[in-house]
Amino acid sequence: MNIKIQRREFLKGSVGLTGLFLFGCSNQKPVDTEDVIRSELGVYLNIFSDGRVLFETPNAEMGQGTYDALAKILVEELDADWGKVEITLSGANAAMANPKLFGQVTGNSDAVRGYFPVLRNAGAAARSMLIQAAAERWNVPSIECTTENGWVISGSNRASYGDLSEAAGKLSIPENVTLKQASEFKFIGHDFPRKETATKITGEAIFGIDVMLPNMLTAALAMPAEAWGKPKMVDDGGASSVDGVKAVIPVFGGFAVIADDFWTAKTAAEKISVGIEEDDVQRNSSAEIQEHLSAMSGPQYDEHGVLFAGVNGGKDLAVSRVAFRSAISNGKTLKLQQSVPFLAHGALEPLCCTAQFDTNKLTLWAPTQTPKGVHALAVKLSGLPKDSVEVHRTFLGGGFGRKWHTDFIQQSIETAMAMPGRPVKLIWTREQDTQHDFYRPAHASHVEMGFDDNGKITAWKNVIAGKSISKTWSAFYKPEAPDRTLHKVPLYDFKTIHLETRAVDSPVPIGYWRSVSHAHTCFFTEAAIDEAATTWDRDPLEYRLEHLKDERPRRVLKALQELMSKSENDAGTSSGIALMSGYDGFCAVGVQITLADQNLDVNKIWAVADCGLVIDPENAKRQIEGGIFYGLGPALDGKIEFDERKVQSSYFNDSGASSPFAAPLVEIKLLPSDAPPGGIGELGTPAIAPALCNAIAAAGGPRIRDLPISKAGLRVRV
Amino acid sequence: MKQTYQLKINGKSQSVRAAPGTPLLWVLREQVQLTGTKYGCGVGQCGACTIHIDGKVQRSCVLPVDAIGPDQEIVTIEGLVADSPDHPVLLAWAEMDVPQCGYCQTGQIMAATQFLNDTPKPNTDEIRAGMMNYCRCGTYNAIAAAISRAADLGNK
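Here is what the cut-offs are and how they apply
Residues numbered from 1 in each chain as written. Chains lettered and ligands numbered in written order. Predicted model: local features only at pLDDT ≥ 70, side-chain atom pairs only at ≥ 80, totals over all residues. Heavy atoms only, no water. Helix = DSSP H or I, 4+ residues; strand = E, 2+ residues; numbered from the N terminus. Buried < 20%, exposed > 50% of the residue type's maximum accessible area, 1.4 Å probe, protein only. Contact = heavy atoms within 4.5 Å. Pairing = 2+ DSSP bridges. Axes fitted to C-alpha atoms, helices over the stretch in contact; angles between N-to-C directions. Buried area = accessible area lost by both parts, 1.4 Å probe. Salt bridge = Lys/Arg side-chain N within 4 Å of Asp/Glu carboxyl O. Domains from an automatic or database assignment. Polar contact = N/O pair within 3.5 Å; in protein donor to acceptor, adjacent residues only side chain to side chain. Nonpolar A, V, L, I, M, F, W, Y, C, P; charged D, E, K, R; others polar. Parallel < 35°, antiparallel > 145°, perpendicular 65-115°, else oblique. Expected span 1.5 Å × (residues − 1). Bend = angle between axes of the 7 residues up to and from the residue.

### Observations concerning the environment of A:Val463
Residues and elements named next belong to chain A. Take Val463: it is sitting in strand β22 (residues 457-466). A relative accessible area of 1% means that Val463 is categorised as buried. The sequence separation of Val463 and Ser445 amounts to 18 residues, and the corresponding C-alpha distance is 5.6 Å. With residues up to four places along the chain from it excluded, the contact list for Val463 reads Ser297, Ala444, Ser445, His446, Glu500 and Arg502.

Shown next, in the form of structure tokens:
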């Protein structure tokens, strides 16, 4: 495969960098002077003369395994010695934008999908340059040279990449490169031990909370009990005169106490009474909000509807409504009303960030999913030029979408600017992390199905109401355009499809949560189609196949059927399934339960996935399994409830985190696939909730239309 | 007011300064720079702060520094690694590539070593009942597999 390299300029050699081979291959047009210099020097790869190959990863590592996966993509084409490859987290660098995300941002399971072509090209181009350097040295044609594991070879000549790096660094980037065929892959599709594992076992890995700097201060927060509203100081409580406290300052969302150490800061912050300014915000309890959402998804709020997908691809809401109505006018119909609650992210590492402000410089050490956002915010708040703001990144102790936000970054910058010359580390408490989240929004759904005489679904309407994440956060939001954070088009062949969204205004802070809209749309669709299968007395899996044309999900479902068939006769058990499609992949989840006297036990979970070309098969399985656990606890008993705006949960055990006590065995099968790489980090999360509800119905339990399952009165173990 | 406390950490006696009531977790992390022990919840629920004191598992986030005597043996992940770099639990964790984000794993390892001391040949049910630490990445089954593997290595 020949690939045209897009960027042809390359700064050859460089002052102070002798012996390094630097290479950049960015599809992003540099946006300012700093970026020009950096991208010209190369952003992803350094080969040192001692043979070390340094890969600077643009992506956050928060457990999803892209640290190694992205390195392997580059090294595959480079043909380097994996043992000599070192990986480091880059700083904020606009030249490292993920082509799918318009910036250096980690999210949407886009790391491999976005960087795959970029890093392959970079690796292949670098290999080509190393070959050229060797060919010139030996005075042989390049075509007579080959590479093997970090060496260029031609006949009896051998030269290591390290040996060639300086000469290669002076060459031009080739205009075209040849990429490997999939059959030639040595790294992609093969499991290697993860390079950062050792440091995560010994405790040496540096997370955001572990940043330690000379002369550092620590900050803790006093925030209102209310999850929204403008904070105001009611009473300092003597916090500022506590021994060891350096300052109490207003920050975004509340007040920060800056002290010598965390415990001093935290205990002083607890003395402060913070309230909120009076406002006229209505609906301050989750019960009221959810009631409003349910009403919004119904016919009395039709005027709020925005067409997401119209009948026969039509673009007119009213026309599509009429077309749907006529499609179901003769025959049996099924209508159902569903809902999902607010949810917290609950990363184990609470929000934290370290910053140091000096007269002409602001430096951050951040566990962030958005170096781009952090850098821009720091420039804005400090008023410093772009190149005077430096962002270092750490590992993330979980992210799940929460660390895409920059509220805690802003607070960190504010504390640092109050203490010029000294680094300040800000740490949230667990209670604050739970009670001041950007929650997975609650949603309500109205589904209406029409059938033919054989029970096949021929018309499908789904109206979803909720606060829109894209309206809240996306720069690209347009009120009249289909809102993909509210809805998704089901992959089933329903013939007549009418999908509508109703974006609800609400002050509740909301944000992206692992799998975003798939988390609710998969539940709504997969619980509803299961209910239809039951209505027509059909096998749920066969019923789905009747509505599927696409071979990839069909294959996934059939493989799940086979996997589960070994356990289908376990005494006293019932099972349920659900299918998820997204992130350029498919994942079918099956679950076996025992339901006796209202006691629900989750015995076993299966998943089959086709996620395209897989970089690390074992990691992909672990991601799917971890994603399932991330969805399992919330499905059983996850909810964030507000009473007078106050969040009623504080910890993992009262917000739906899957505990070790209730973790069932999970068996995962990946199907080989010729499709391009899919995203794996979020693929496992959505389908477990509907699969569980479907299993409960199969066991003779209630048909659960409102999550979490505990709401139905079942006793669950989370 | 801060006071001075004598503590024996990873075999070494040292004095630290902290306000009375300060949890040992923060003393270890901030005064002794042993950041392998993590803060997750502050109420002894998640187990990210798990350490050993006198050979028993303790949640250091709820253990006031003034409750610990100068001769009590405090062992953190750093001490375990330095003292037993070939500990079966460490080897098994590496072999099974258990961590995802990794934040809980040092606490999991400290819990697992003590669990295997008490239960050298655990079955799956015993592992599930004995390992109490949260992992938000959902590595529970990998942890259980690594503990079984460590038991095999340790019983060789």
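### Some points on the sheet that holds strand β7 (residues 151-154) of chain A
All names here are of chain A. The strand order β6-β7-β8 describes an open sheet built from three strands, whose pairing is antiparallel. The two strands at the open ends of the sheet, each matched to only one other strand, are β6 (146-148) and β8 (157-160). The mean inter-strand angle of the sheet, taken between neighbouring strand axes irrespective of direction, is 30°. Direction of pairing for β6 relative to β7: antiparallel, over a ladder of three bridges. Bridge pairing in β7 places Glu148 opposite Trp151. Each of β6, β7 and β8 is contacted by helix α3 (residues 111-138), which is oriented at about 45° to β7, the strand it contacts most. Sitting on the sheet, helix α4 (residues 161-169) is in contact with β6, β7 and β8, with an inclination near 80° to β8.

### Structural notes on the interface of chain B and chain A
In this complex, chain B contributes 48 residues to the contact, which on the side of chain A involves 57 residues. Both sides together, the interface formed by chain B and chain A hides about 4400 Å², and carbon and sulfur atoms give 58% of it. Linking chain B to chain A there are three salt bridges. For B:Arg29, the salt bridge is made with A:Asp210, and the minimal N-O distance between the two is 2.9 Å.

### Focus: the domain arrangement of chain A
All names here are of chain A. The domain architecture assigned to chain A consists of domain 1 (4-188), domain 2 (208-279 + 351-427) and domain 3 (297-342 + 439-717). Each side of the interface is counted separately: domain 1 has 18 residues, and domain 2 has 17 residues. For the pair domain 1 and domain 2, the two sides together bury roughly 1400 Å², of which 55% comes from carbon and sulfur. Sorting the residues of domain 1 by area buried against domain 2 places Met62, Leu89 and Ala92 first, and these three jointly supply 34% of that buried surface. Joining domain 1 to domain 2, the criterion identifies zero salt bridges. Taken together, domain 1 and domain 2 are joined by nine residue pairs in polar contact (both at pLDDT 80 or more). Of the residues in the side of domain 1 that touches domain 2, the class split is eight nonpolar, seven polar and three charged.

### Some points on the side chain of A:Asp261
Position of A:Asp261 among the secondary structure elements: in the loop between β13 (254-259) and α6 (262-269). There is a polar contact of 2.9 Å between the side chain of A:Asp261 and the side chain of B:Lys2. In this structure A:Asp261 touches A:Thr218, B:Lys2, B:Glu30 and B:Gln31, once residues within four positions along its chain are discounted.

### A short note on the sheet that holds strand β4 (residues 56-59) of chain B
Residue and element names in this part refer to chain B. Taking strand neighbours across the sheet as the criterion, the five strands line up as β2-β1-β5-β3-β4 in an open arrangement whose pairing is mixed. Bordering the open sheet on either side are β2 (12-18) and β4, each of which pairs with just one other strand. Here the strands of the sheet are splayed against their neighbours by 45° on average, with no regard to which way each runs. Summarising the sheet, strand β1 (residues 3-9) and β2 pair through seven bridges and their orientation is antiparallel. Residue Gln6 lies in a different strand from β2, and its bridge partner there is Ser15. Running over the sheet, helix α1 (residues 24-31) touches β1, β2, β3 (50-53) and β5 (73-75) and is turned about 100° from β2. Helix α4 (residues 105-118) rests against β3, β4 and β5 of the sheet, and its axis sits at about 40° to β3.

### Here we look at the packing of α3(A) against α4(A)
The relative placement of two packed helices is expressed as an angle between their axes plus a distance between the axes. All names here are of chain A. Here α3 crosses α4 at 90°, and the two axes come no closer than 9 Å. Comparing the axis directions of α3 and α4 gives the class roughly perpendicular. Listed contacts from α4 to Arg127, Met129, Leu130, Ala133, Ala134 and Arg137 of α3 are Tyr161, Asp163, Leu164, Ser165, Ala167 and Ala168. Its residues placed into classes, the contact of α3 with α4 shows eight nonpolar, one polar and three charged.

### Concerning the pairing of β13(A)
Residues and elements named next belong to chain A. In terms of burial, β13 is a largely internal element, six of the six residues being buried. Note: strand β10 (residues 217-222) against β13, five bridges, orientation antiparallel. Pairing of Leu221 across the sheet is with Ala256, part of β13. Here strand β12 (residues 245-251) runs beside β13; their pairing, made up of six bridges, is antiparallel. Across the sheet, the residue bridging to Val248 is Val257, located in β13. Following β12, the chain reverses through two residues before pairing antiparallel with β13; Gly253 in that reversal takes a positive phi of roughly 85°.

### A few points about α3(A)
Residues and elements named next belong to chain A. A rise of 1.5 Å per residue sets the reference length of α3, with its 28 residues, at 40 Å; its end C-alpha atoms lie 39 Å apart and thus fit the reference within 8%. When the local axis directions of α3 are compared, the greatest deviation, roughly 35°, occurs at Pro117. With 22 of 28 residues buried, α3 is to be regarded as a mostly interior element. Immediately beyond the C-terminal end of α3, within one or two residues, lies Asn139, with a positive phi of roughly 60°.

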